[in-house]
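# What the coordinates show
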Amino acid sequence: MNTINYLFLQLFLNLALFGRTKSDPDPLQDYCIADPETPQEFSLNGAPCIDPNLATSSHFTTSALSKPGDTKANGFNVTLTNRFNLPGLNTLGLTMARVDIDANGIVPPHLHPRASEVTICLTGFLLVGFVDTSNRVFTQQLRPGESFVFPKGLIHFLYNYDSLEPAVALAGLGSQNPGAQIASMASFTSEPSNPVEILKKGFQISDLNAAWIRRNLGG
Ligand SMILES: *[C@@H]1O[C@H](CO)[C@@H](O)[C@H](O)[C@H]1NC(C)=O
C-alpha cells in the first residue's frame, strides 16, 4: 500500500470506527467574538479555575435556592445557580433553577438554546408542556413529587393552575449557561424593536394589534 492510501485508510478508521474525532464542545454563550488581543496559546470554556489545592467543600454547596424569588413583577421568578453562587459547578455542564409561581401565574412559552431541562413540582399544581418541531404539543399536570422533561431548544411553559396557592418547582438544566428566550418578549419587546412589518406579517396582525401586544408585555 502506498503512503497516500495508507493515510486515507488511517483517517477513515479514525473517523468511522473509533470515533476519535470529536465535534466542538457546545458553546457556553450565545456568541463569542474572538478578542484579537488574546494570545494564540490562551483558550477558555467557562470561567478560569482556581488552584485545585485551594478547593473546599464550600465551593460545592449553595443556599441560593433556599429562599423564594420575588414574584411581584411577573407572577413568577426563576432563581438560578451560577458560577458565582456555586463556583464548583463551573465547566460541569449543569444548572439548577428554583421556580416560584403565583396562584394562576405562568412562566410564559420560552426555550433554552443550550439545555434540556427536567422539572420536579415541589409544591402546588402545575400544568407544563412543550411543543416539538412538528408543532405537536405535549402537556402534563404535575402534583408535588412529579417530574417532566423539556427537550433542548424546544418551546415550553409552566402554569400554576391553582387559583389560591403559589407553586414551587425545581429544575435541572444540562448546561452551565442554558440561556432563555421568551417567545413573546423576543417578538414584541426586543431592543431595538423588530420591524413592525415582520410582526404584522409574522403574526397576521395589524399595526394596532402589534402596539397593543407590545404595551401589554411592558415594552
Ligand atoms: C426575583 O427575585 C429576586 C430575589 O427576591 C429579585 O432580586 C429579582 O428582582 C426578582 N426578579 C424579577 C424579574 O422580578
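Residues numbered from 1 in each chain as written. Predicted model: local features only at pLDDT ≥ 70, side-chain atom pairs only at ≥ 80, totals over all residues. Heavy atoms only, no water.

Per an unreviewed UniProt entry, the protein carries the name Germin-like protein and comes from Pyrus ussuriensis x Pyrus communis. Recorded in UniProt for the protein, the comment headed Subcellular location (unreviewed entry) runs: "Secreted, Extracellular space, Apoplast". Quoted verbatim from the Sequence similarities (unreviewed entry) heading of the UniProt record, the comment on the protein is "Belongs to the germin family." (UniProt positions renumbered as here; feature names shortened; annotations may be inferred.)

The next point concerns the site of the ligand. Neighbouring the ligand are the residues G69, D70, A73, N74 and N77. In this structure, an oxygen atom belonging to the ligand sits 2.9 Å away from a main-chain N or O atom of D70. The separation between an oxygen atom of the ligand and a polar side-chain atom of N77 is 2.3 Å. Across the complex, the protein chains shield 40% of the 360 Å² of accessible surface that the ligand would expose by itself. Partitioning the shell around the ligand into residue classes produces one nonpolar, three polar and one charged. (Near = heavy atom within 4 Å. Polar contact = N/O pair within 3.5 Å; in protein donor to acceptor, adjacent residues only side chain to side chain. Areas by Shrake-Rupley, 256 points an atom, 1.4 Å probe, with all protein chains shown as cover. Nonpolar A, V, L, I, M, F, W, Y, C, P; charged D, E, K, R; others polar.)

What follows deals with the UniProt feature "binding site: Mn(2+)" (unreviewed entry) in the protein. Taking the UniProt record as the reference, the feature "binding site: Mn(2+)" (unreviewed entry) is found at H110, H112, E117 and H156. Spatial clustering of the annotated residues is evident: they stretch over 47 residues in sequence, but the largest pairwise C-alpha distance comes to 12.0 Å. By the element assignment, H112 lies in the loop between strand 3 (106-111) and strand 4 (117-123). On the accessibility criterion, H112 (10% relative accessible area) is buried. Position of H156 relative to the elements: it lies in strand 8 (residues 156-160). The residues touching H156, leaving out its near neighbours within four places in the chain, are P108, P109, H110, L111, H112, E117, G129, F130 and F150. (Helix = DSSP H or I, 4+ residues; strand = E, 2+ residues; numbered from the N terminus. Buried < 20%, exposed > 50% of the residue type's maximum accessible area, 1.4 Å probe, protein only. Contact = heavy atoms within 4.5 Å.)

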